[in-house]
Amino acid sequence: MPKSPTDELLQQIVKQLRTTREIPSTALGLRRAAVQDAVDHIRGDERFADAQVHQHNPQALGRALAEAPAASGLVAEFGVHRGQSLSRIADHFCDQTVHGFDSFEGLPEAWNGSGKDAGAFDIGGRPPELPQTNIEFHVGWFDETVPVFAAATNEAFRFVHLDADLYGSTRTVFDELGDRFLPGTVVVFDEYFGYHGWHRHEHRAFTEFLEGRPDLDFEAVAIGHMNLAVRLRES
């Protein structure tokens, strides 16, 4: 009697669990080490002491949205992909335009430390169709769209979701729009830590940004599976 699709799926799950639990894996060892490294980093820095801790990234994003300042300011997401988080952000800030930046052609280069090559997350170069009407898309590579946006407005940021993954892409946002990040701005990094090489990407870009802005510091608002939400403050 042939196996049903459900039986085959269960068999695959059991096989994967056995592999994970019984067979030594360099990749899994690196992931565990990276997570422990992130835990040590968090526990050694008082700026993380009062952060809420969530098991999943969407929960941490929700907390960050609740912490966004009431004052007016720009709201943007850098790295939209299929728009799940952008939809949530647009719903929260329903009374203003929410800006979404993405090439929709995937990563511009390989994401070292992950298994993602250049072109990962490609959805054909076109934004997703979302139900919210307060979203403005900026389609193209960040080094093309972000400078144009910077020249068109001098408004400060209220809330920023940085889902750019890569150091270079995240650094472009800070280089072009760094003066729009002020005390009170809430920033969420979607893949901040917990994977091999996490020090070299969003974390590195944020660290370098703060080094160049001695007037700014941060306090962590929420920590998720891999993401980090912070509120900027005066140093």
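Since we're looking at a predicted model, the values are computed, not measured. (Residues numbered from 1 in each chain as written. Predicted model: local features only at pLDDT ≥ 70, side-chain atom pairs only at ≥ 80, totals over all residues. Heavy atoms only, no water.)

A. Just the pattern of salt bridges, in detail. Here the structure, examined in full by the defined rule, presents twelve salt bridges. In this structure, Glu208 and Arg204 form a salt bridge, with 3.0 Å as the shortest nitrogen-oxygen distance. Here the residue Glu208 and the residue Arg204 both occupy positions in helix H7 (residues 202-212), the gap between them amounting to four residues, near one helical turn. (Salt bridge = Lys/Arg side-chain N within 4 Å of Asp/Glu carboxyl O. Helix = DSSP H or I, 4+ residues; strand = E, 2+ residues; numbered from the N terminus.)

B. Representation of the nonpolar core within the structure. Phe78, Leu177, Phe181, Phe193 and Phe206 are the most contacted members of the largest nonpolar core, which has 44 residues in total. In this structure, Ala68, Ile135, Val188 and Val221 belong to the second largest nonpolar core, which totals 20 residues. (Core = buried A, V, L, I, M, F, W, Y, C linked by side-chain atoms within 4.5 Å. Buried < 20%, exposed > 50% of the residue type's maximum accessible area, 1.4 Å probe, protein only.)

C. Up close: the packing of helix H5 (residues 142-152) against helix H6 (residues 167-177). H6 packs onto H5 with a crossing angle of 20° between their chain directions and a minimal axis gap of 9 Å. As the angle between them shows, H5 and H6 are arranged roughly parallel. Crossing geometry of H5 relative to H6 is assigned as right-handed. Contacts between H5 and H6 involve Phe142, Asp143, Val146, Pro147, Phe149 and Ala150 on the former and, on the latter, Ser169, Thr172, Val173, Glu176 and Leu177. Grouping the amino acids of the contact of H5 with H6 by side-chain chemistry returns seven nonpolar, two polar and two charged. (Axes fitted to C-alpha atoms, helices over the stretch in contact; angles between N-to-C directions. Parallel < 35°, antiparallel > 145°, perpendicular 65-115°, else oblique. Left-handed = near helix turned anticlockwise from the far one by under 90°. Contact = heavy atoms within 4.5 Å. Nonpolar A, V, L, I, M, F, W, Y, C, P; charged D, E, K, R; others polar.)

D. Spotlight on the pairing of strand E9 (residues 216-223). For E9, the tally of buried residues reaches seven of eight residues, placing the bulk of the element in the interior. As paired strands, strand E1 (residues 52-53) and E9 are joined by two bridges and run parallel to one another. Residue pairing across strands places Gln52 opposite Ala222, the latter belonging to E9. Where E9 meets strand E10 (residues 228-234), seven bridges bridge the pair, whose relative direction is antiparallel. When the sheet's bridge partners are listed, Ile223 is paired in E10 with Leu228. (Pairing = 2+ DSSP bridges.)

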